[in-house]
Amino acid sequence: MEPGGRRGLASAWGPASAPRKPRQEPGPGAEARAPGASAVRARRFLLCLYLVGFLDLFGVSMVVPLLSLHVKSLGASPTVAGIVGSSYGILQLFSSTLVGCWSDVVGRRSSLLVCILFSALGYLILGASTNVFLFVLARVPVGIFKHTLSISRALLSDLVAEKERPLVIGQFNAASGVGFILGPMVGGYLTELDGGFYLTAFICFSVFILNAGLVWLFPWRDAELTSTEKGLPVGKNPALWGKTDCEVQEAAAPCQSRTSGKPARPPWVEVASTLRDMKSLIFSEMWDIFMVRLLMAVAAMLYYSNFVVGLQERFGVRPRAAGYLISYSSALGALAGLALGPILRLYRHDGHTVLLHSSALTSVLLLLHAATHTVAVAVLCASLLAVSTAVGRTCITDLQLAAGGAQASGTVIGVGQSVTAVGRIVAPLLSGVAQEVSPCGPPSLGAVLALVAIFIMSVNRPRYGRGGRDKLKSE
């Protein structure tokens, strides 16, 4: 049997080279080396994608913790700052599904390049924002096109086999997380220089331009060959280059719609169908899971959206030290993800109880952070909150998928992400209003929302026992 690379070479030379085929027959040693070459190509492309994820979060995490401090320095009140912060969440909520469908149509390469370049434009405008209007204008392209990580995960899904997908996506998330650990330290250091925020935003712009250059220089041909050799559907391979699945399948095999006798639906119809699925899920028996996710997301965002400003106003902590603390907390959150397995075994894999206890710990820590007058206690609260929120995020996703049963697919995960996007809209508004009352207002309000989530989980606890979970699946 000829290797896949051998067939591709023959087709490239055309019929005139057909008589030379017997002379180019590879020996047994070449056949043994073919899988190794394929593995090297696949690993090389995956490492390039990991680097893109690292640079993306590295650049973003340099700037994002400083946004509230910068908009306040431009003369905006806490309420106005909250409204400005909500604009990003609103844009993300409506653009995430559309950009995802668009990347399916035009291809991962083109969509990834466009999203990176427009995000870079947003951070360039942010580096020149000397008033609130320019600040708001800078958030528009970022809010619409900042989907680099989502498209990268979709590209990983296109390239790897189903059995390898969780491991590869986990490695991608780990590489991205390292960027989020290093970024706040660099941003906190730079912002203390003269014109530090503008310098930080320009460096973030440069990182995104570098990322776009890397995507342009990617070994995309290796990705195509790897996808073919792994036996993935032919439609997934040319999606890297900008052809739709149906166009490729029309050339190689009957399109799926022909087999079923149904016409292919345009992208906007797919988007409308997805939105209907989201509505049916949100108003299904799983409403309380999504409500808990929303409440806990808003509680955590109230704490983190006001983190740098709160530390400066209450304890006089400089932005550099706040950046170090954010990086330290991010590292603890990553370690908490690794420790989740032993924690679940300790709780006998009762994810609902783990979520309940982590939410209770989050509520107590938020109250303690709001009431403390010492930096040491604030650092302790930040350390434990990084652990409790990381464990809680994983447990709520697992409970979501388990309770969804037959519906536990990409739609369920997508609805969860949309619920979190709603939290990104609500949290800055609530944070601005609460900060008008007191610098301790945002974490105090977060503690109250966490208590409401705990109450919902306690009332609905019988539904999430073993019998209750089976009942939910049947529904």
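Please read all numbers here as calculations on a predicted model, not as lab measurements. (Residues numbered from 1 in each chain as written. Predicted model: local features only at pLDDT ≥ 70, side-chain atom pairs only at ≥ 80, totals over all residues. Heavy atoms only, no water.)

## Concerning the overall build of the protein chain
Then, number 1: The number of helices and strands found in the protein chain is 22 helices and 0 strands.
Then, number 2: Across the protein chain, contacts joining residues at least 24 apart in sequence account for 79% of those joining residues at least 6 apart.
Then, number 3: Of the accessible surface of the protein chain, which amounts to about 23,000 Å², a share of 67% is contributed by carbon and sulfur atoms. (Helix = DSSP H or I, 4+ residues; strand = E, 2+ residues; numbered from the N terminus. Contact = heavy atoms within 4.5 Å. Areas by Shrake-Rupley, 256 points an atom, 1.4 Å probe, with all protein chains shown as cover.)

## What to know about the side chain of Thr 191
Then, number 1: Following the sequence through the fold, Thr 191 ends up in the loop between helix H8 (165-190) and helix H9 (196-216).
Then, number 2: Residue class for Thr 191 comes out buried when judged on its relative accessible area of 18%.
Then, number 3: Beyond its immediate chain neighbours, meaning those up to four positions away, Thr 191 contacts Leu 66, Gly 196, Phe 197, Thr 200 and Pro 319. (Buried < 20%, exposed > 50% of the residue type's maximum accessible area, 1.4 Å probe, protein only.)

## Some words on the environment of Pro 443
Then, number 1: Of note, Pro 443 is situated in helix H21 (residues 441-459).
Then, number 2: Since its relative accessible area comes to 4%, Pro 443 is described here as buried.
Then, number 3: Each residue touching Pro 443, except ones within four places of it in the same chain, is listed here: Leu 366, His 369 and Ala 370.

## Points about the confidence of the model for the protein chain
Then, number 1: In this model, the protein chain carries a mean pLDDT of 76, and residues with pLDDT of at least 70 account for 71%.
Then, number 2: Across residues 466-475 the pLDDT falls below 50, and counting only partners more than four positions away or on other chains, this stretch makes 14 contacts in the model. (pLDDT = per-residue confidence, 0-100.)

## Some points on the packing of aromatic side chains
Then, number 1: Tallied over the entire structure, the rule returns 9 aromatic pairs.
Then, number 2: Centre to centre, the rings of Phe 45 and Phe 218 are 5.3 Å apart; their planes meet at 65 degrees, and the pair counts as edge-to-face. Of the two residues, Phe 45 is situated in helix H2 (residues 28-63) and Phe 218 in the loop between H9 and helix H10 (220-229); the sequence distance between them amounts to 173 residues.
Then, number 3: Here Phe 45 falls in the buried class, since its relative accessible area comes to 1%.
Then, number 4: Taking the relative accessible area as the measure of exposure, Phe 218 reaches 8% and is therefore buried.
Then, number 5: Taking the centre distance of 4.8 Å and the plane angle of 75 degrees together, the rings of Tyr 303 and Tyr 304 count as edge-to-face. (Phe/Tyr/Trp six-rings, centres within 6.5 Å; stacked < 30°, edge-to-face > 60°.)

## Quick notes on the pattern of salt bridges
Pairing between side chains of opposite charge can happen when their charged atoms approach one another.
Then, number 1: Evaluated as defined, the whole model comprises 4 salt bridges.
Then, number 2: In this structure, Glu 313 and Lys 72 form a salt bridge, with 2.0 Å as the shortest nitrogen-oxygen distance. With a gap of 241 residues between them, Glu 313 in helix H15 (residues 307-315) and Lys 72 in helix H3 (residues 67-73) connect regions that are remote in the sequence.
Then, number 3: When its relative accessible area of 37% is taken as the criterion, Glu 313 is described as partly exposed.
Then, number 4: The partner of Arg 318 in a salt bridge is Glu 192, with the nearest N and O atoms 2.8 Å apart. Taken together, the positions of Arg 318 in the loop between H15 and helix H16 (319-338) and Glu 192 in the loop between H8 and H9 put the pair 126 residues apart, joining distant regions of the chain.
Then, number 5: Using a relative accessible area of 55% as the deciding quantity, one classes Arg 318 as exposed.
Then, number 6: Beyond isolated ion pairs, a larger network of salt bridges with shared partners links Glu 192, Arg 318 and Arg 320. (Salt bridge = Lys/Arg side-chain N within 4 Å of Asp/Glu carboxyl O.)

## Here's the deal with unusual backbone geometry
Then, number 1: Unlike most non-glycine residues, Arg 348 shows phi in positive territory, near 55 degrees.
Then, number 2: Along the polypeptide, Arg 348 turns up in the loop between helix H17 (340-346) and helix H18 (351-371).
Then, number 3: Of note, the phi angle at His 349 is positive, near 60 degrees, even though the residue is not glycine.
Then, number 4: For His 349, the location among the structural elements is in the loop between H17 and H18.
Then, number 5: Residue His 349 is classed as exposed on the basis of its relative accessible area of 57%.

## Describing the environment of Pro 219
Then, number 1: Position of Pro 219 among the secondary structure elements: in the loop between H9 and H10.
Then, number 2: The spacing of Pro 219 and Cys 48 is 171 residues in sequence and 8.7 Å in space, taken between C-alpha atoms.
Then, number 3: Residues within four places of Pro 219 in sequence aside, it is in contact with Arg 44, Phe 45 and Cys 48.

## Quick look at the packing of helix H14 (residues 287-305) against H18
How two helices sit against one another is set out by the angle between their axes and by the gap between those axes.
Then, number 1: At a closest axis distance of 11 Å, the pairing of H14 and H18 adopts a crossing angle of 30 degrees. When the axes of H14 and H18 are compared, the pair comes out roughly parallel. The crossing of H14 and H18 is left-handed. Mapping the contact onto sequence places Val 292, Met 296, Ala 299 and Tyr 303 in H14 and Leu 355, Ser 359, Thr 362, Leu 366 and His 369 in H18.
Then, number 2: Looking at the contact of H14 with H18 residue by residue, the classes come out as 6 nonpolar, 3 polar and no charged. (Axes fitted to C-alpha atoms, helices over the stretch in contact; angles between N-to-C directions. Parallel < 35°, antiparallel > 145°, perpendicular 65-115°, else oblique. Left-handed = near helix turned anticlockwise from the far one by under 90°. Nonpolar A, V, L, I, M, F, W, Y, C, P; charged D, E, K, R; others polar.)

## Section: the side chain of Ser 358
Then, number 1: Mapped onto the elements of the fold, Ser 358 is located in helix H18.
Then, number 2: Overall, the relative accessible area of 7% leaves Ser 358 in the buried class.
Then, number 3: Contact partners of Ser 358, with chain neighbours within four places excluded, come to Ser 388, Val 391 and Gly 392.

## Things to note about H9
Then, number 1: In this model, H9 (21 residues) spans 30 Å end to end at C-alpha, consistent with the 30 Å of a helix rising 1.5 Å per residue.
Then, number 2: Of the residues making up H9, those classed as buried are Gly 196, Phe 197, Thr 200, Ala 201, Cys 204, Phe 205, Val 207, Phe 208, Asn 211, Ala 212 and Val 215. (Expected span 1.5 Å × (residues − 1).)

## As for the environment of Tyr 88
Then, number 1: Within the secondary structure layout, Tyr 88 lies in helix H4 (residues 78-106).
Then, number 2: With a relative accessible area of 18%, Tyr 88 lands in the buried category.
Then, number 3: The sequence separation of Tyr 88 and Val 136 amounts to 48 residues, and the corresponding C-alpha distance is 9.0 Å.

## Remarks on a nonpolar patch on the surface
Then, number 1: Together, Phe 118, Leu 121, Leu 124 and Phe 202 line one region of the surface with nonpolar side chains, adding up to about 340 Å² of accessible area.
Then, number 2: Sort the elements by how many residues they give to the nonpolar patch and helix H5 (residues 108-127) lands first, with 3 residues.
Then, number 3: Judged by relative accessible area, which is 38%, Leu 121 ranks as partly exposed. (Patch = residues over 30% accessible without salt bridge, like charges linked within 9 Å, V, L, I, M, F, W, Y side chains within 5 Å.)

## Focus on helix H6 (residues 132-145)
Think of an α-helix as 3.6 residues a turn; residues three or four steps apart then line up on the same face.
Then, number 1: With 14 residues, H6 should reach 20 Å at 1.5 Å per residue; the first-to-last C-alpha distance of 21 Å fits that figure.
Then, number 2: For H6, the complete set of buried residues consists of Phe 135, Ala 138, Arg 139, Pro 141, Val 142, Gly 143 and Phe 145.
Then, number 3: Next to the buried residues of H6 lie H3, H4 and H5.

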